[in-house]
Amino acid sequence: MNESENFGTTIRQLRKDQKMTLKELSEKSGISFSQIAKIEKSIHTPPRDTVIKLARGLSTDENTLLSMVGFNPTVNKGPIDGPTEDRMVNIYKTFMKYKFTCQICGSKAPKTQITIDTIIPIKKGGSFHEDNLIVLCANCHLAREAFIRKDGLENDIFFRKKDKLQ
Ligand SMILES: [Zn+2]
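The paragraphs below set out a description of the structure included in this document. Everything quoted here is computed from the prediction, not taken from an experiment. Along each chain, the written sequence defines residue order, and numbers are assigned to residues from 1. In keeping with the predicted nature of the model, local features appear solely for residues at pLDDT of at least 70, side-chain atom pairs appear and are counted solely at 80 or more, and the whole-chain, interface and lining totals rest on all residues.

Time to look at the pairing of strand β2 (residues 133-137). Burial is judged by counting other C-beta atoms within 10 Å of a residue's own C-beta: 20 or more means buried, 12 or fewer means exposed, and anything between counts as partly exposed, with every C-beta placed from the backbone. Comment: elements are numbered from the N terminus, with helices defined as DSSP H or I runs of at least four residues and strands as E runs of at least two. In terms of burial, β2 is a largely internal element, five of the five residues being buried. Here β2 shows a buried face lined by L133, V135 and C137 and a second buried face lined by I134 and L136. With five bridges joining them, strand β1 (residues 114-118) and β2 adopt antiparallel strand pairing. Note that in β2 the partner of I114 across the bridge is C137. One requirement defines pairing of two strands: DSSP has to find at least two bridges between them.

What follows is the structure, encoded as C-alpha cells:
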C-alpha cells in the first residue's frame, strides 16, 4: 500500500464511521465532491491545505489524520513504538474503541473536533501503544495539557476522572 492508497482508504473509512455521505463531507470541508471521490479512490494525493480542510470536515485535526495514514506529523516526535503501520492501526483502533467520543467531557465527532492524546506523554516515556492512547476533544486536550504542565502528570484530570468512575 502506498501513501496515497492509505490516505484514501482512511478518509473513506472515517467518513463512513461517522455516517457521513460524500456530499456532507464536501459541504463540511469545503472540498469539492469530485475531489474527495478522487482522493478516496487514491487517484489524487491531496496537498496540505486540502488535508487540513478534510481533517476539519472529519472533526479531527491535521496531525491526527496524518498519524492515521502513517505520515510524519509533529505529534509523533520522540521515541517511536513499533513501525508506522502499527501506530496507524493503534490510532485507528483507539478512535473505534472510544467511538469518536472525548473521554473527559463526552462530546462526540462530528459535532466536536476530536483528537488522539497519549495518557503518558511521549516526552515522559509514553508510547503509541493502544493502552496509552485516548480520544479527547480539542478543548479537553488543551485543558489537560495546561493542567499537566502546572500540576504534574500525577494529578492528571484524566486519571482523576477515571478514579471517580471506578
Ligand atoms: Zn472534551
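Fitted lines through C-alpha atoms give the axes, limited to the stretch in contact for helices. The angle between two N-to-C directions lies from 0 to 180 degrees. Direction vectors running N to C along helix α2 (residues 22-29) and helix α4 (residues 48-57) enclose 115°, while the axes themselves pass 8 Å from each other. As the angle between them shows, α2 and α4 are arranged roughly perpendicular. The two elements α2 and α4 meet at a crossing, and its hand is right-handed. Contacts from L25, K28 and S29 in α2 reach K53, L54, R56 and G57 in α4. Roughly parallel here means an angle under 35 degrees, roughly antiparallel means over 145, roughly perpendicular means 65 to 115, and every remaining angle is called oblique. Two helices crossing with the near one rotated counterclockwise from the far one by less than a right angle form a left-handed crossing, whereas a clockwise rotation gives a right-handed crossing. Here the contact rule is simple: place C-beta atoms from the backbone, and any two residues whose C-beta atoms are within 7 Å are in contact.

This next bit is on the nonpolar core. For the purposes of this analysis, a nonpolar core is taken to be any set of buried Ala, Val, Leu, Ile, Met, Phe, Trp, Tyr and Cys residues that are connected through C-beta atoms within 7 Å. Grouped together as the largest cluster of nonpolar side chains are 15 residues, with contacts concentrated most on C102, I114, V135 and L136. Broken down by secondary-structure element, the contributors of at least two residues to this core are α6 (84-97), β1 and β2. With five residues, β2 is the single largest residue contributor to this core. Contact partners of L136, with chain neighbours within four places excluded, come to C102, Q103, I104, T115, D117, H141 and R144. Counting residues in each nonpolar core, the second largest holds 14 residues, with L25, I39, L54 and A55 among its members.

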